[in-house]
Amino acid sequence: MKDGHIHTPFCPHGSTDTFEMYIEKALEIGLKEISFMEHFPLPEKFINLYPEFNMDGNVKEENFEAYIKEVNFFKEKYKDKLKINVGAEVDYIEGYENEIKFMLDKYGKYFDDSILSVHMIKVNENYYPIDYSQESFNKLVELAGSLENVYQKYYEIIKKSINSDLGIYKPTRIGHLNLIRRFSYDYKIDYNKFPVVMELLRIMRKKNYTLDYNISGERKEGCGIYIDDFLFRQILELDIKMIYGSDAHTAKDISSLKKFI
């Protein structure tokens, strides 16, 4: 079994757990393959305008080569025990496609695996995080006019990310679909109000994309697995492949996959 979404000591909002602590925990629960998926550096043009997004989220570019080097070291060290992939979680930012493509052209050749995620959406010409805090999410709902408007915008951005031209190294796995539920888990989604969801799933199937079946929501108070039962059934019916992701930010987080093995 594979854990396709693990963070590292390079994650600014993670822990100081070492690479070997993550690896040994993966071996302990019987995993055969893991992908380290560290947050890809944000475009310089974007962080110059929004420096707060680079405070504790993504790896800075000056540290990213060191991250790749470290993973490759452990990839070789444990090659007889565990398949280790060098990976990146790439943030899709509406309007910054060219800058993201430039960064992927620079670093994508070093990746064995990668995912494409949405952590922020654009409302009224400004960008806002969707999973930072309950307070910031409530502010986003206020600015957008309603919770439904936030969901609609989120799904539209996911669809754009799938259709975007990010070059030959663009990830073809969508990260933690329905992350928008992080601070609105009690909201019962009526997918009839959001036909864009089925549109983006059909596009994924046509393009042979996979999904990060991210279970980190189970470890968060007041939340749960982001992909609900209805959406899960639609994904199965369309035969979209899902890959488990603990989205671990500490070594012990990997243990949350045991119930799925």
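Residues numbered from 1 in each chain as written. Predicted model: local features only at pLDDT ≥ 70, side-chain atom pairs only at ≥ 80, totals over all residues. Heavy atoms only, no water.

## As for helix H5 (residues 134–144)
If you check which residues of H5 are buried, you get Ser136, Phe137, Leu140, Val141 and Ala144. Looking straight down H5, one finds its buried side chains confined to an arc of 145°; they lie on one side. Every exposed residue of H5 that faces more than 90 degrees away from the buried side is listed here: Glu135 and Glu142. Buried positions along H5 lie against strand S5 (120–123), strand S6 (126–129) and helix H6 (147–163). Gly145 sits one or two positions beyond H5 and adopts a positive phi of about 105°. (Buried < 20%, exposed > 50% of the residue type's maximum accessible area, 1.4 Å probe, protein only. Helix = DSSP H or I, 4+ residues; strand = E, 2+ residues; numbered from the N terminus. Arc of directions from axis to C-beta. Contact = heavy atoms within 4.5 Å.)

## Observations concerning the layout of surface pockets
One number sums up the size of the largest pocket: a volume of about 700 Å³. Looking at side-chain class alone, the lining of the largest pocket contains 8 nonpolar, 10 polar and 10 charged residues. Considered as a void within the structure, the second largest pocket measures approximately 190 Å³ in volume. When residues in the lining of the second largest pocket are grouped by element, the largest group, 3 residues, is from helix H4 (residues 97–107). (1 Å grid on protein atoms, 1.4 Å probe; cavity = no way out; pocket = protein on both sides within 12 Å on 5 of 7 lines; lining within 4 Å. Points joined across faces, edges and corners; volume = space filled by probe spheres on them. Nonpolar A, V, L, I, M, F, W, Y, C, P; charged D, E, K, R; others polar.)

## Focus on unusual backbone geometry
In the Ramachandran plot, His176 falls in the positive-phi region, its phi being about 25° despite a non-glycine side chain. Relative to the elements of secondary structure, His176 occurs in the loop between strand S7 (173–174) and helix H7 (196–207). For His176, a relative accessible area of 2% gives the class buried. In this structure, Asn208 is a non-glycine residue whose phi angle is positive, near 60°. Inspection of the secondary structure assignment puts Asn208 in the loop between H7 and strand S8 (210–214).

## Focus: the pairing of S5
Here S5 pairs with S6 via 4 bridges, running antiparallel. In the sheet register, Met120 faces S6, and the bridge partner there is Pro129. A loop of 2 residues connects S5 with S6, the two strands running antiparallel in sequence, and Asn124 in this loop sits at a positive phi of about 55°. (Pairing = 2+ DSSP bridges.)

## What to know about the pattern of salt bridges
Evaluated as defined, the whole model comprises 17 salt bridges. A salt bridge links Glu61 to Lys106, with the shortest nitrogen-to-oxygen separation between them at 2.7 Å. Within this pair, whereas Glu61 is found in helix H3 (residues 61–77), its partner Lys106 is found in helix H4, the two being separated by 45 residues in sequence. Judged by its relative accessible area of 38%, Lys106 falls in the partly exposed class. Overlapping salt bridges, with partners in common, bring together Lys2, Glu33, Lys83, Asp113 and Arg173 in one network. (Salt bridge = Lys/Arg side-chain N within 4 Å of Asp/Glu carboxyl O.)

## Notes on the confidence of the model for the protein chain
Any region with low pLDDT has predicted coordinates that should not be read closely. Mean pLDDT over the protein chain works out to 94, with 99% of the residues at or above the 70 mark. Here helix H2 (residues 44–49) stands out as the least confident element of the protein chain, with mean pLDDT 87; S7 is the most confident, with 98. (pLDDT = per-residue confidence, 0-100.)

## With respect to the packing of aromatic side chains
Enumeration according to the criterion identifies 24 aromatic pairs in this entry. Seen in terms of ring centroids, Phe10 and Tyr67 are 5.9 Å apart; in terms of plane orientation they differ by 70°. Their pairing is edge-to-face. Of this pair, Phe10 sits in the loop between strand S1 (2–6) and helix H1 (19–28) while Tyr67 sits in helix H3, and the two are 57 residues apart along the sequence. Measuring from ring centre to ring centre gives 6.2 Å for Tyr151 and Tyr155, while their planes differ by 65°; the resulting arrangement is edge-to-face. Note that Tyr151 and Tyr155 are positioned in helix H6 at a spacing of 4 residues, about one turn of the helix. In this pair, the class of Tyr151 matches that of Tyr155, namely buried. Pairwise contacts between aromatic rings join Phe10, Phe19, Tyr22, Phe36, Phe40, Phe64, Tyr67, Phe73, Phe74, Tyr107 and Phe111 into one cluster. (Phe/Tyr/Trp six-rings, centres within 6.5 Å; stacked < 30°, edge-to-face > 60°.)

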